[in-house]
Amino acid sequence: MARLGALLLAAALGALLSFALLAAAVASDYWYILEVADAGERGGGAEQLSSHSGLWRTCEGQNSCVPLIDPFASEGLDASPSVQHLLSLHRAVMVVLPLSLVLIVCGWVCGLLSSLTQSVPLLLLTGCYFLLGGALTLAGVSVYISYSHLAFAETTRQYGTQHVQGLRISFGWSAALAWGSCTLEALSGALLLTAAHALSLSRRPGTPHSVVI
């Protein structure tokens, strides 16, 4: 039973860490980083052109951050199909990732109940739940990456390639935290499924049990 306890404890810690990483990622502003390639040569003027963005706002240089366009309030906006597609992707990201946070909390509660009751069906259900939650988080991060690439392509199309030649684009530590959260969530699900299998084997007739004399 020591192995079962270790599996359940590792799953619980993984779920808590997954929640912490995703909460930090959603709240931070370093998902998408745009830098002027020769910022060091141009000095402070080029640094002011660099920016970093999160899910809710963008920050340019040393200036204060400004909120991004609310994609939900822009549903009736008269815009091109490409811009409407970008807004729909942004809406999806803003729904999926916060929803993943809520699902992790619900999954952790279910995992706690299944651990206390040592119910094999509940452990199996919770393990599958965490795997699906990890897939949802992965989908949210993937949609954000697609959204970022399409947004840059749309900017290039509108302003011309000569205006974006000196720009260097990367994904920051916020996106890395989200990837880590997704991995830990899936790992917690796998640990719960393993715990359910171990508990099921221990309850089979003929399984040797330790005897205390």
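Scroll up for the structure.
Residues numbered from 1 in each chain as written. Predicted model: local features only at pLDDT ≥ 70, side-chain atom pairs only at ≥ 80, totals over all residues. Heavy atoms only, no water.

Draft legend 1. Quick peek at the overall build of the protein. Of the regular secondary structure elements, the protein holds 6 helices and 5 strands. Starting at the N terminus, the α and β elements of the protein follow one another as α-β-α-α-β-β-β-α-α-β-α. Per-residue burial over the protein gives 37% buried out of 213 residues. Restricting to contacts in the protein with at least 6 residues of sequence separation, those with at least 24 account for 68%. Summed over all atoms, the accessible surface of the protein reaches about 11,700 Å², with 68% contributed by carbon and sulfur. (Helix = DSSP H or I, 4+ residues; strand = E, 2+ residues; numbered from the N terminus. Buried < 20%, exposed > 50% of the residue type's maximum accessible area, 1.4 Å probe, protein only. Contact = heavy atoms within 4.5 Å. Areas by Shrake-Rupley, 256 points an atom, 1.4 Å probe, with all protein chains shown as cover.)

Draft legend 2. Layout of the sheet that holds strand E5 (residues 167-171). With antiparallel pairing, 5 strands are arranged side by side in an open sheet as E4-E3-E2-E1-E5. In this open sheet, the two edge strands, each paired with only one partner strand, are strand E4 (65-67) and E5. Going from strand to strand, the sheet's axes swing by 20° on average, the running direction of each strand aside. Pairing geometry for strand E3 (residues 57-60) and E4, over 3 bridges, is antiparallel. Looking across to E4, one finds that Thr58 is bridged to Val66. (Pairing = 2+ DSSP bridges. Axes fitted to C-alpha atoms, helices over the stretch in contact; angles between N-to-C directions.)

Draft legend 3. Region of interest: the pattern of salt bridges. Under the defined criterion, the tally for this structure stands at 2 salt bridges. Between Arg57 and Asp29 there is a salt bridge whose closest N-O contact spans 2.7 Å. A residue pair is termed long-range when its members are at least 10 positions apart, and Arg57 in strand E3 and Asp29 in the loop between helix H1 (2-27) and strand E1 (32-36) qualify at 28 residues. Between Arg168 and Glu35 there is a salt bridge whose closest N-O contact spans 3.6 Å. Residue Arg168 is located in strand E5, and its partner Glu35 is located in strand E1; the two are separated by 133 residues in the primary sequence. On the basis of relative accessibility, which here comes to 42%, the residue Arg168 falls in the partly exposed class. (Salt bridge = Lys/Arg side-chain N within 4 Å of Asp/Glu carboxyl O.)

Draft legend 4. Here's a closer look at a nonpolar patch on the surface. Among the surface-exposed residues, Phe19, Val105, Val109 and Leu113 lie close enough to one another that they form a single nonpolar patch of about 310 Å² accessible area. No other element matches the 3 residues that helix H4 (residues 81-117) contributes to the nonpolar patch. Locating Val109 in the fold gives a position in helix H4. Relative accessible area serves as the criterion here: at 41%, Val109 is assigned to the partly exposed category. (Patch = residues over 30% accessible without salt bridge, like charges linked within 9 Å, V, L, I, M, F, W, Y side chains within 5 Å.)

Draft legend 5. Up close: H1. Counted at 1.5 Å a residue, the expected span for H1 with its 26 residues is 38 Å, and the 38 Å between its end C-alpha atoms agrees. Taken together, the buried positions of H1 are occupied by Leu4, Leu7, Leu8, Ala11, Gly14, Ala15, Ser18, Leu22, Ala25 and Val26. The inward-facing, buried residues of H1 abut H4, helix H5 (120-159) and helix H6 (173-202). (Expected span 1.5 Å × (residues − 1).)

Draft legend 6. View of unusual backbone geometry. Unlike most non-glycine residues, Gln118 shows phi in positive territory, near 50°. Residue position: Gln118 is located in the loop between H4 and H5. By relative accessible area, which is 28% here, Gln118 ends up partly exposed.

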